[in-house]
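Analysis of the macromolecular model
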Amino acid sequence: MNTLLSTPRRLVMALVAAGAIGALGATGAGLVGASRSDAVAQTAVSSFNQPAAGNLPTLTTPNFAEITARNGAAVVNISVVGTSRSMREDTADSASERGAAPQISPDDPFSEFFRQFGLPGMPGMQGGRGQRPDTPVRGEGSGFIVSSDGVILTNAHVVHGAKEVTVKLTDRREFSAKVLGADPKTDVAVLKIEASGLPTVKLGQTSQLRVGDWVLAIGSPFGFENSVTAGVVSAKGRSLPDDSFVPFLQTDVAINPGNSGGPLFNAQGEVVGINSQIYSRSGGYQGVSFAIPIELATHVQQQIQTTGKVQHAKLGVSVQEVNQAFADSFKLPKPEGALVASVEKNGPAAKAGLEPGDVVRKVDGVAIVGSGDLPAFIGQALPGQKVTLEIWRKGEAKTLTATLTDASDKTERLAQGAQDADKGKLGLALRPLQPEEKKQIGVDAGLVVAQAGGPAAAAGIEAGDVLLAINGVPAGNVEAVRAAVAKADKSVAVLIWRDGNKIFVPVRLG
């Protein structure tokens, strides 16, 4: 007997035995002469098997076969050939820009987080360590045709460092492809093959996509061309470490090495993303996949085809997530927005009047819910563009206007600090910064943490950190710190300098 099928029947029989439901005859006429409560109970059981119309929408799966038949011919297999030297050098460049896994030890538990599918040069893959610099290296990925004259979108990491790029269609024709351009910051590349009358995909909109919607991927995992996998959207606007320009779509679609650059379709058969990354501790699919939104990909494509390069704007700030402790400290109605941890000297944000401790809540009217929303929005803007920032500062809303600059402009990082002692309510032993330390760090005032205990230590503040401000009040001396803590309610936002970075730490009091 099928246990799952028999369970509802056993449940009904148990209720009958308990007297909750009137027993039915063989013809089901047992409701005749039964009490009104028996009839209601029987109706409820029937409703369990047949949901009442109007309560819930009928759930139907998309016609995956139709979507595949309609779009499969526009999905291509991409194979690349290079040398271990060119692959490694180019991979190192892109990895340093995007914070990808080749810079992480293989023993690190997060080493697989940004493992790129089919990326030459990864440990354990072709092009990895142990090969001679000029050893020929091959790699594979996927892509899709967006223009009938041979324009193809794929991932930048699929073609990075390649000396030869070959595109294979489902009708077995092969073409040598030219890389029109690639943008490591968004991991989008544009290819061109000399052909005409090619099948193309239809592009959709991620704004119409909902968490829980069906999505389908077509690609070449492990070289198995035009493989189809399906799942649902798990989240939208995911911001991943050091990939701040991309608000990823997270799905549970099975994605594996070789799927890189392939399309992600919605239930209407429209492309809504480019499959790009997976979260994995083994290098294989583990239920968490990430795709680049198609709007971002086409934005990059247009720049490449028009100018031959891609530009990203810069605001000149580093930001943190606003958690409940920060929201309490800043008297925000809820923990949303991007908390400004540091402002680049003479950058767009500094010129606009943005300060550490400000919380950016909207940009050009678009709500900033998570901290990753801000760099994702700014990264898609162009240098020279003006943006309106709605911020929260010391319990009040303010509006600022900033003119963005080019993100490719390099800025110097801060150097490191010092340590020694004198005590206060937070559990911190503090001492003033020496003039040479102020110059080295680039601040006018601050106190060095010599020892940390109590609430501060529990929040993660350590000896050697430099205390810069408490709830926006500069930490010029110990008395100023004590006064700021005395005015606080449940928690304080402590701005510290550590290893060249300014970060906020929420400290709960008492």
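Residues numbered from 1 in each chain as written. Predicted model: local features only at pLDDT ≥ 70, side-chain atom pairs only at ≥ 80, totals over all residues. Heavy atoms only, no water.

**Some thoughts on the overall build of the protein**
When helices and strands are counted, the protein shows 12 helices and 28 strands. By residue count, 45% of the 510 residues in the protein fall in the buried class. Long-range pairs, those at least 24 residues apart, make up 61% of the contacts in the protein with a sequence separation of at least 6. (Helix = DSSP H or I, 4+ residues; strand = E, 2+ residues; numbered from the N terminus. Buried < 20%, exposed > 50% of the residue type's maximum accessible area, 1.4 Å probe, protein only. Contact = heavy atoms within 4.5 Å.)

**Some points on helix α6 (residues 294-307)**
Because an α-helix completes one turn every 3.6 residues, residues spaced three or four positions apart along the sequence face the same direction. Counted at 1.5 Å a residue, the expected span for α6 with its 14 residues is 20 Å, and the 20 Å between its end C-alpha atoms agrees. Those residues of α6 that fall on the buried side of the exposure criterion are Ile 294, Leu 296, Ala 297, Thr 298, Val 300, Gln 301, Gln 303 and Ile 304. (Expected span 1.5 Å × (residues − 1).)

**Considering the nonpolar core**
If you look at soluble globular proteins, the nonpolar side chains tend to sit buried side by side. The biggest cluster of nonpolar side chains holds 25 residues, and the ones touching the most others in it are Phe 144, Leu 153, Val 201, Phe 265 and Ile 292. Looking at this core, the elements with two or more residues in it are β2 (136-147), β3 (151-154), β7 (188-192), β9 (214-219), β13 (270-278), β14 (289-293) and α6. Counting residues per element, this core draws most heavily on α6, which supplies five residues. Apart from residues lying up to four places away in sequence, Leu 153 is in contact with Gly 143, Phe 144, Val 146, Val 188, Ala 189, Val 190, Gly 261, Ile 274, Ile 294, Ala 297 and Gln 301. (Core = buried A, V, L, I, M, F, W, Y, C linked by side-chain atoms within 4.5 Å.)

**Topic: unusual backbone geometry**
Located in the positive-phi region is Asp 187, a residue other than glycine, with phi close to 65°. Here Asp 187 lies in the loop between β6 (178-183) and β7. The phi angle at Phe 222 is positive, at roughly 55°, despite the residue not being glycine. Relative to the helices and strands, Phe 222 resides in the loop between β9 and β10 (227-238).

**Thoughts on the layout of surface pockets**
Taken as a whole, the second largest pocket spans an internal volume of roughly 390 Å³. Looking at the second largest pocket, it is lined by 17 residues, and the ones nearest its centre are Thr 206, Gly 237, Pro 247, Pro 293 and Gln 380. If you list the elements that add at least two residues to the lining of the second largest pocket, you get β10, α6, β19 (366-367) and α9 (373-379). The element contributing the most residues to the lining of the second largest pocket is α9, with three residues. (1 Å grid on protein atoms, 1.4 Å probe; cavity = no way out; pocket = protein on both sides within 12 Å on 5 of 7 lines; lining within 4 Å. Points joined across faces, edges and corners; volume = space filled by probe spheres on them.)

**Here's the deal with the side chain of Asp 187**
The class of Asp 187 is buried, set by a relative accessible area of 2%. Separated by 3.1 Å, the side chain of Asp 187 and the backbone nitrogen of Ala 156 make a polar contact. (Polar contact = N/O pair within 3.5 Å; in protein donor to acceptor, adjacent residues only side chain to side chain.)

**A few points about the pairing of β7**
Among the five residues in β7, five count as buried, and that is most of the element. Because side chains alternate across β7, one face comprises the buried residues Val 188, Val 190 and Lys 192, and the other comprises Ala 189 and Leu 191, equally buried. As paired strands, β3 and β7 are joined by four bridges and run antiparallel to one another. Along β7, the bridge assignment pairs Thr 154 with Ala 189. (Pairing = 2+ DSSP bridges.)

**Here we look at helix α12 (residues 478-487)**
Buried within α12 we find Val 478, Val 481, Ala 484 and Val 485. For α12, the angular spread of buried residues about the axis comes to 125°, placing them on one side. In α12, the exposed positions that point more than 90 degrees away from the buried face belong to Glu 479, Ala 486 and Lys 487. Against β23 (428-432), β24 (447-452), β25 (466-470) and β26 (473-474) lie the buried residues of α12. (Arc of directions from axis to C-beta.)

**Some remarks on the pattern of salt bridges**
Under the definition given, this model contains 11 salt bridges. Where Glu 225 meets Lys 168, a salt bridge forms, and the shortest distance between an N and an O atom there is 3.4 Å. Linking Glu 225 in the loop between β9 and β10 with Lys 168 in strand β4 (residues 164-168), this pair joins segments that are 57 residues apart in sequence. Assessed through its relative accessible area of 17%, Lys 168 is described here as buried. Among the ionic pairs, Lys 334 bridges to Glu 336, the shortest N-O distance being 3.7 Å. Salt bridges linked by common partners bring Glu 355, Asp 358 and Arg 393 together as one network. (Salt bridge = Lys/Arg side-chain N within 4 Å of Asp/Glu carboxyl O.)

**Topic: the packing of aromatic side chains**
Following the criterion strictly, the structure yields five aromatic pairs and no others. Plain terms: the ring middles of Phe 248 and Phe 290 are 6.0 Å apart, the flat faces sit at 65° to each other, and that makes the pair edge-to-face. In this pair, Phe 248 is assigned in strand β11 (residues 248-251) and Phe 290 in strand β14, connecting sequence segments 42 residues apart. Take Phe 248: its relative accessible area is 1%, and that puts it in the buried class. Pairing Phe 330 with Phe 504 gives two aromatic rings, centres 6.1 Å apart and planes at 85°, and the pair type is edge-to-face. Of this pair, Phe 330 sits in helix α7 (residues 324-330) while Phe 504 sits in strand β28 (residues 501-508), and the two are 174 residues apart along the sequence. Take Phe 330 and Phe 504: they sit in the same class, and that class is buried. Here a set of aromatic residues connected by ring pairs shows up, and it is made of Phe 326, Phe 330 and Phe 504. (Phe/Tyr/Trp six-rings, centres within 6.5 Å; stacked < 30°, edge-to-face > 60°.)

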